Amino acid sequence: MTPAPIILRRALPRVCIIGGGIVGSATAFFLARGGCPVELLERDTVGSRASGVNFGGVRRHGRAVAELPLAIRSRAIWPRLRELIGHDCDFETPGHLKVAQTEAELEPLARWAAIGRAHGLTIDLLDRGQLRRDHPWLTHDLAGGSFCPGDGYANPRLVAPYFARAARAEGAVIREGHPVLAVEDTAGGGFVLHGPLGARHEADVVVNAAGAWGGAIAGQLGLDVPMVSLAPQMFVTEPTTRRIGPVLGMVSGAIYLRQSVRGNVIFGGGRGSVHPDGLRSRPAEDVFERSPALVRALIPALAGVPLIRSWTGIEGNTPDGLPVIGESGGRAGLIHACGFSGHGFEMGPGVGETLRDLILTGDAGLDLSAFSPDRFAVPPAIRSA
Ligand SMILES: Cc1cc2nc3c(=O)[nH]c(=O)nc-3n(C[C@H](O)[C@H](O)[C@H](O)COP(=O)(O)OP(=O)(O)OC[C@H]3O[C@@H](n4cnc5c(N)ncnc54)[C@H](O)[C@@H]3O)c2cc1C
């Protein structure tokens, strides 16, 4: 049964959003624009965590099937950023090329191409010869590839801050340096969020957009969302001759790479380590050796181009690699949107729009069942066994 729209349960719900990454900021923007009183509480600064330090990939190509409708919905928002939030966030669409190192790796590419086409995407499968002709800058050892036009990248430094800025212009209150210390589910049907120095924030609807820390917030409210914090490692080179057209990925996932309009090559591969406090992460020594060597093997012309910097960011990963999005069965008005497992930058704007629809109309406009916050719950019979 479709739940009653939250707005009908109580006119103009006061929405409190925990976390100012791309997900929280986009949600704040779409809700404020829809007329909701919105307060966003961010522990650090808006966009300072995964949303601000990621690779910037805006990719539908190769997404999990369950994520595709949301990824496609989100992709439709990216070219509208200037109109919506006042900046295009350096969004570019050179397409996404996934390359296979072996004949065996061509099979998953072909399988996904059928899925992508069934969802209306254009996918070009390239054999060894065609890959070599179209992309002569790649090593000639590759078995083939798959190309998705219309995918691309944006500047992660800009997106969440511009969403938050636009949300503020629509009337949202954005508080930075404001951690949520506890969430209280009140007897009256609402919530009280406790902040620093005794700050209290009352809300009818809470959106848990706390990224890798969303599992801890959910846990406070009695929901078990198992999440592991991982720290993907990134690199950037000095600017070099522009030769790399599309965003590049490998079927193995070992390397993902793009060249900025200024010529810097930005790539990711491997993982750093997360500090036991869960708040800090750092690059790993062995990845420093391995990932640049893989890139030089993939694109021989990059040999000798100096690296400027390596960094990591903390991302929440769920056991099935899918995000947690939606209302938790037991509690109306409590919405989770976290654990994006490495895919949340592309999907962030679409999540914001989808949560607006869920909160204002009761209909998300998409099937969110694969992302149910309750899917990890242990059935009581097993728990008591
Ligand atoms: C290195 C790296 C590369 C990536 N590359 C890509 C990519 O190319 N494409 C892609 O789609 N995705 C990519 N991702 C994943 C993507 O960055 C994330 O999925 C996405 O940014 C998640 O956004 P978020 O808003 O959920 O989380 P975050 O950006 O982590 O934001 C959560 C916010 O919640 C705040 N918070 C936490 N606890 C509290 C609290 N108690 N009170 C108040 N605030 C709190 C945090 O300070 C943080 O700012 C990458 C991730 C990393 C780390």
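What this report covers is the structure whose coordinates are included nearby. The shown structure was predicted, so the numbers you read here are calculated from the model rather than taken from an experiment.

1. Structural notes on the sheet that holds strand β4 (residues 96-100)
Move 1: Pairing in this open sheet of 8 strands is mixed, and the strands run β5-β6-β4-β15-β16-β17-β14-β20 from one edge to the other. Across the chains shown, the open sheet's two edge strands, defined by having one partner strand only, are β5 (124-127) and β20 (307-312). Averaged over all pairs of adjacent strands, the angle between strand axes in this sheet comes to 20 degrees, irrespective of strand direction.
Move 2: Inspection of the sheet shows strand β15 (residues 247-250) paired to strand β16 (residues 256-259) by 2 bridges, in the antiparallel sense. By the bridge assignment for β16, G249 is matched with Y256.
Move 3: Packing against the sheet, helix α6 (residues 106-118) makes contact with β4, β5 and β6 (144-148), and its axis sits at approximately 160 degrees to β5.
Move 4: Contacting β4, β14 (232-237), β15, β16, β17 (265-271) and β20, helix α10 (residues 285-298) runs over the sheet at an angle of about 130 degrees to β17.

2. A look at the site of the ligand
Move 1: With respect to spatial proximity, 37 residues lie near the ligand, and among them E42, S51, V180, E315 and E346 are the closest.
Move 2: Measuring from a nitrogen atom of the ligand, one finds a backbone N or O atom of G342 at 3.0 Å.
Move 3: H343 is positioned such that a nitrogen or oxygen atom in its backbone is 3.2 Å from an oxygen atom of the ligand.
Move 4: In isolation the ligand offers 1,000 Å² of accessible surface; the protein chains occlude 97% of this area.
Move 5: Of all the elements in the fold, those that place two or more residues in the shell around the ligand are α2 (22-33), α3 (50-53), β14 and α11 (344-361).
Move 6: Residues of the shell around the ligand, tallied by class, amount to 17 nonpolar, 13 polar and 7 charged.

3. Comments concerning the layout of surface pockets
Space left empty within the atom packing is revealed by a probe, the size of a water molecule, rolled over the atoms.
Move 1: Reported here for the second largest pocket is a volume of approximately 430 Å³.
Move 2: Counted by class, the lining of the second largest pocket contains 9 nonpolar, 5 polar and 6 charged residues.

What counts, and at which threshold
- Residues numbered from 1 in each chain as written.
- Predicted model: local features only at pLDDT ≥ 70, side-chain atom pairs only at ≥ 80, totals over all residues.
- Heavy atoms only, no water.
- Pairing = 2+ DSSP bridges.
- Helix = DSSP H or I, 4+ residues; strand = E, 2+ residues; numbered from the N terminus.
- Axes fitted to C-alpha atoms, helices over the stretch in contact; angles between N-to-C directions.
- Contact = heavy atoms within 4.5 Å.
- Near = heavy atom within 4 Å.
- Polar contact = N/O pair within 3.5 Å; in protein donor to acceptor, adjacent residues only side chain to side chain.
- Areas by Shrake-Rupley, 256 points an atom, 1.4 Å probe, with all protein chains shown as cover.
- Nonpolar A, V, L, I, M, F, W, Y, C, P; charged D, E, K, R; others polar.
- 1 Å grid on protein atoms, 1.4 Å probe; cavity = no way out; pocket = protein on both sides within 12 Å on 5 of 7 lines; lining within 4 Å.
- Points joined across faces, edges and corners; volume = space filled by probe spheres on them.

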